[in-house]
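# What the coordinates show
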Amino acid sequence: MKSVRVTAPDVVDWVEVDAPTTGPGDVLLKIRACGICGSDALYAHMGGIPPHQGDTALGHEPAAEVVEIGADVTGIAVGDHVVVDTMAFTDGLLGSGGAQGALTEYVLVKDFEPGRQLKVIPSHIPWHVAALNEPMAVALHAVNRTQPQPGDRVVVFGAGPIGLGAVLGFRRAGVEHIVVVDILPSRLAKAREVGADAVINSAEEDVAARLVELHGDGATLWVRGVRPGTDIYLDAAGAPPVPALITGMAKHGATFGVVAVHKKPVEIDFGAILTTELNLVWSMGYPTEIFEVTDDIIENWEKYAVIVSDVLPFDRALEALALAQTPGAADKVVVTFD
């Protein structure tokens, strides 16, 4: 069968691999859709991930159909539509350095345990939307790390897939007001569509001044001057100016969450922000959220569908990878299989 793999630094190609054989405790999946992630380009640039350097299978955002189950398997059935916990495979992280990747026709779930690697979804959920489950779990974990409370006022920097997923997560958490900041009008329009209360184009507006208008003045005894009353800031952009902008305007006791990958070191003036007692939290992966987000996707799949910008067939997977890493060319690319 065909598999998309990193074969050398900055080289991704088709590789013919053996189709998996289903053992008594295994579940065979036919991949129906797989999203392209920014980390796929990172893995390619690195030449793959040890111990599979030079032969790293890509694809860690799958939706699939169960096509065969082992004799000892219970709790799942042939024909079930499923989303996948790619961190729960016994042969390594699916598509992130493990033995298998989801940009492949078939994936074998070895040593299947009900409720651990797979969650069944209704058959009416489009495959390309179901494939958002993994990145939306990343977004939900970022939301959870900031510990939102009802009544909180939130700002999300970056209206890419993770930022938009965070908007949906914050809304689900019951916050009072959500603002999204980006420089692309098309992305800001999507933010509005998925539920942002307001948007700011940071290339055209003074972000701090606009936030004071939207969230009030958050100045306190310890932090003087006019500062937004924003309770939570989430960096889902990874743009170099964002951390300094946030730390320079955050009110006393605000929370600053970072889920974006910053490719270069960022300088933050700790002395200048000491009196804010700013809570700084980091977020990576989805320790518990992979299937927590699934029910919300099922219930609101039309809103999640807005996040997907491009859908390409599997035979154009290399083109999909190139499209996804071209700045400004696409927001969220998903590969679908026949």
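About the thresholds
Residues numbered from 1 in each chain as written. Predicted model: local features only at pLDDT ≥ 70, side-chain atom pairs only at ≥ 80, totals over all residues. Heavy atoms only, no water. Helix = DSSP H or I, 4+ residues; strand = E, 2+ residues; numbered from the N terminus. Rg over C-alpha atoms; globule rule 2.2 N^0.38 Å. Buried < 20%, exposed > 50% of the residue type's maximum accessible area, 1.4 Å probe, protein only. Contact = heavy atoms within 4.5 Å. Core = buried A, V, L, I, M, F, W, Y, C linked by side-chain atoms within 4.5 Å. Axes fitted to C-alpha atoms, helices over the stretch in contact; angles between N-to-C directions. Parallel < 35°, antiparallel > 145°, perpendicular 65-115°, else oblique. Left-handed = near helix turned anticlockwise from the far one by under 90°. Nonpolar A, V, L, I, M, F, W, Y, C, P; charged D, E, K, R; others polar. Right-handed = clockwise from strand over helix to strand, strands pointing away. Pairing = 2+ DSSP bridges. Salt bridge = Lys/Arg side-chain N within 4 Å of Asp/Glu carboxyl O. Disulfide = S-S within 2.5 Å. Polar contact = N/O pair within 3.5 Å; in protein donor to acceptor, adjacent residues only side chain to side chain.

Looking only at helices and strands, the chain features 11 helices and 16 strands. A compact globule built from 338 residues would reach a C-alpha radius of gyration of about 20 Å, and the chain, at 21 Å, matches this within 12%. If you line up the chain on its principal axes, its C-alpha atoms span 65 × 40 × 30 Å. Counting every position in the chain, which comprises 338 residues, the buried fraction comes to 53%. Counted over contacts in the chain with a minimum sequence separation of 6, partners at least 24 positions apart contribute 66%.

The topology assignment puts His141 in helix H3 (residues 133–145). Those residues in contact with His141 that sit more than four places away from it in its chain are Ser283, Met284, Gly285, Tyr286, Pro287 and Glu289.

Counting residues in hydrophobic clusters, the biggest one holds 44 residues, and the most contacted among them are Met136, Val156, Phe170, Val180, Val293, Tyr304 and Ile307. Listed by contribution, the elements that provide at least two residues to this core are helix H2 (127–130), H3, strand S9 (153–157), helix H4 (161–172), strand S10 (177–182), helix H5 (185–194) and strand S12 (232–235). The dominant element in this core, judged by the number of residues it contributes, is H3, at six residues. Setting aside chain neighbours within four positions, we find Ile307 in contact with Leu132, Met136, Pro161, Leu164, Gly165, Leu168, Lys190 and Lys332. Counting residues in hydrophobic clusters, the runner-up holds 34 residues, among them Leu29, Val73, Val82 and Ala320.

The relative placement of two packed helices comes down to the angle between their axes together with the axis-to-axis distance. Taken N-terminus to C-terminus, the directions of H4 and H5 make an angle of 20°; their axes are 10 Å apart at the nearest point. The orientation of H4 relative to H5 falls into the category roughly parallel. As H4 runs across H5, the sense of the crossing is right-handed. Taken together, the residues of H5 that come into contact with H4 (itself represented by Leu164, Val167 and Leu168) are Lys190, Ala191 and Val194. Of the residues assigned to the contact of H4 with H5, the class counts are five nonpolar, no polar and one charged.

Let us now look at the pairing of S10. A large share of S10 lies buried, amounting to six of its six residues. Between the parallel pair S9 and S10, the chain is carried across by H4, and the sense of this crossover is right-handed. In the sheet, S10 pairs with strand S11 (residues 198–201) via four bridges, with the strands oriented parallel. Directly across from Val179, in S11, lies its bridge partner Ala198. Regarding topology, H5 serves as the crossover connection from S10 to the parallel S11, and that connection is right-handed.

So, on to the pattern of salt bridges. Applying the stated rule across the entire model yields 14 salt bridges. Between Lys119 and Asp295 there is a salt bridge, with the nearest N and O atoms lying 3.9 Å from each other. On the criterion of sequence distance, the pair formed by Lys119 in strand S8 (residues 118–121) and Asp295 in helix H9 (residues 294–299) is long-range, its members being 176 residues apart. Of the residues examined, Lys119 reaches a relative accessible area of 24% and is grouped as partly exposed. The exposure class assigned to Asp295 is partly exposed, which follows from its relative accessible area of 44%. A salt bridge links Asp231 to Lys251; the shortest N-O distance between them is 2.8 Å.

The interhelical angle for the contact between H3 and H4, taken along N-to-C directions, is 55°, at an axis separation of 8 Å. The pairing of H3 with H4 is recorded here as oblique in orientation. Of the two possible hands of crossing, H3 and H4 adopt the one that is right-handed. Each of Pro135, Met136, Val138, Ala139, Leu140 and Val143 in H3 lies in contact with H4, whose residues at this interface are Pro161, Ile162, Gly165, Ala166, Gly169, Phe170 and Arg172. A breakdown of the residues in the contact of H3 with H4 according to their chemical character gives 10 nonpolar, two polar and one charged.

The next point concerns the state of the cysteines. Under the counting rule described, the total for this entry stands at zero disulfides. Counting only cysteine sulfurs, Cys34 is the nearest neighbor of Cys37, a cysteine outside any disulfide, at a range of 9.7 Å.

Let's shift gears to the side chain of Asp231. In this structure, Asp231 sits in the loop between helix H6 (207–215) and S12. Note on Asp231: relative accessible area 16%, which makes it buried. Within polar-contact distance, the side chain of Asp231 engages the backbone nitrogen of Arg153 at 2.8 Å. Excluding residues that lie within four positions of it along the chain, Asp231 makes contacts with Gly151, Asp152, Arg153, Lys251, Ala254 and Thr255.

This next bit is on the environment of Pro150. Residue position: Pro150 is located in the loop between H3 and S9. Separated by 30 residues in the primary sequence, Pro150 and Val120 place their C-alpha atoms 31 Å from one another. Apart from the residues within four sequence positions on either side, Pro150 is in contact with Ala173 and Gly174.

Take the sheet that holds strand S1 (residues 2–8) next. Taken together, the three strands give an open sheet; going across it, the order is S2-S1-S4, and neighbouring strands pair in antiparallel fashion. The sheet is open, and its two edges are formed by strand S2 (11–16) and strand S4 (56–57), each paired on a single side. Pairing of S1 with S2, which is carried by six bridges, proceeds in the antiparallel orientation. Of the residues in S2, the one forming a bridge with Val6 is Val12. Against the sheet, helix H11 (residues 317–324) makes contact with S1 and S2, and its axis sits at roughly 160° relative to S2, the strand it touches most.

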